[in-house]
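# Topology and contacts: notes
Below are the chains, spelled out letter by letter.
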Amino acid sequence: MDTRLPTPNNILDLVISDNNTLEVSKCSFPLIPVDVSHPPLQINGPNLVSSLKKPFPSPEPNFRRGNYESMNAYLHNIDWDSLLSDSLDFSVTVSNFYSVIHDAINSFIPKIYIHKNQYPQWYSRKLKSLIYNKKRLHKEFKVTKDPLIYNEFSQLRSLFKRESKLNNLRYLQKIQSNLTSDPKSFWRYINGLKTNNCIPQNMILGDKSSTGGPEVANLFKEFFSSVYSTDKLNIGECLGYSKNYADIYQPQVSSNL
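None of the values given here were measured: they were computed from a predicted structure.

With that out of the way, let us pick up the overall build of the chain. What the chain contains, in helices and strands, is eight helices and 10 strands. Classification of the 257 residues of the chain by burial places 16% in the buried group. Carbon and sulfur atoms form 55% of the exposed surface of the chain, whose accessible area is close to 20,800 Å².

Structure below.
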C-alpha cells in the first residue's frame, strides 16, 4: 500500500516485506492526531516475528568454578589408546579428542548467563538517568508539539553531552593513573572499543596476501615459525605413553578438517 498526496506519483509511505500474505490498510483507530501526509497504517499478517526483540543470552562456561579434580579423574580413565589409535584416520582422531574434551567441559564446568551492559563502562547512574529522561521528553514532544517540553528536552541533551565528556575524561584519567596496579581495567576498556572480534578475511605478510581461513592460518604459522621447532613431534612421548602415535611434521591447515 502507498499513501499519496494530491500530486500524482508522489509516494510518501511504503511497506516493504517479503511476506506476500501481509494486509496493509489505514488504521481506523489512530492514537494521535492524523498527519494527512503520513496516516497511521494497520498491518496484519500471520507468523510475524519482530527483529527488535532482544535475543536471550546463551550460557557460557564459568572456568573459574570448574571441578578440575573430577575432570582430571574423568580424563585419566579415558581409553586414550583406542581413541588415538594410529589405525584411525587423523581427522577421526582429532574428532575423538575434541569430543572427550567437550564432554569434560560440559560435565565439570558450570555454565552462567552473562548479561552484557548496553552502556559504556564509564557511564554513571546520572548519565543513564539523563538518557531515560531525554528519551521520555522527546517522545512527549513528538506527541504534543509543546515548545516548553522541547526546551526542557534541549537542556537535558546539552547537560548529557557535558556530563558524558566529563565522565569519559575522568574514567580515562583513572585508568591511566592505575595502569600499573590495575592493568585489567585498561584491557577491559580496550576490549570494549572493539566492534568485531573476527579475524580479517584478507591478511598480508611481506609480499604475500591470503584470503580465507586456511590460508590466513598458514600465514600466521609462517610468521611465528621462527620461535618454534619444526622437528617431528611424537604425540605418545608428549602424553607419557610408550605406544607410538602418529608423528606430526610441518602441519598445514586445510578446509577438509
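Turning our attention to a nonpolar patch on the surface. Nonpolar side chains collect at one region of the surface, where Leu31, Ile32 and Val143 lie side by side and expose about 350 Å² of accessible area between them. Locating Leu31 in the fold gives a position in the loop between strand S3 (23–26) and strand S4 (41–44). Judged by relative accessible area, Leu31 falls into the exposed class, the value being 87%.

Attention now goes to the side chain of Ser85. Note on placement: Ser85 falls in the loop between helix H2 (80–83) and helix H3 (90–108). Setting aside anything within four residues of it in sequence, one finds Ser85 in contact with Trp80 and Thr93.

Take the packing of helix H5 (residues 147–177) against helix H6 (residues 183–193) next. Interaxial distance between H5 and H6 falls to 8 Å at its minimum, and their mutual angle equals 135°. What the angle tells us is that H5 and H6 run oblique. Crossing geometry of H5 relative to H6 is assigned as left-handed. Between H5 and H6, the contacting residues are Tyr171, Leu172 and Ile175 on the first element and Ser185, Phe186 and Tyr189 on the second. When the residues that make up the contact of H5 with H6 are grouped by side-chain class, the tally is five nonpolar, one polar and no charged.

For the structure shown, the criterion picks out three salt bridges. Put simply, Lys208 and Glu222 hold a salt bridge, and the shortest N to O gap is 3.1 Å. Of this pair, Lys208 sits in strand S8 (residues 208–211) while Glu222 sits in helix H7 (residues 213–224), and the two are 14 residues apart along the sequence. Judged by relative accessible area, Glu222 falls into the partly exposed class, the value being 35%.

The rules behind the values
Residues numbered from 1 in each chain as written. Predicted model: local features only at pLDDT ≥ 70, side-chain atom pairs only at ≥ 80, totals over all residues. Heavy atoms only, no water. Helix = DSSP H or I, 4+ residues; strand = E, 2+ residues; numbered from the N terminus. Buried < 20%, exposed > 50% of the residue type's maximum accessible area, 1.4 Å probe, protein only. Areas by Shrake-Rupley, 256 points an atom, 1.4 Å probe, with all protein chains shown as cover. Patch = residues over 30% accessible without salt bridge, like charges linked within 9 Å, V, L, I, M, F, W, Y side chains within 5 Å. Salt bridge = Lys/Arg side-chain N within 4 Å of Asp/Glu carboxyl O. Contact = heavy atoms within 4.5 Å. Axes fitted to C-alpha atoms, helices over the stretch in contact; angles between N-to-C directions. Parallel < 35°, antiparallel > 145°, perpendicular 65-115°, else oblique. Left-handed = near helix turned anticlockwise from the far one by under 90°. Nonpolar A, V, L, I, M, F, W, Y, C, P; charged D, E, K, R; others polar.

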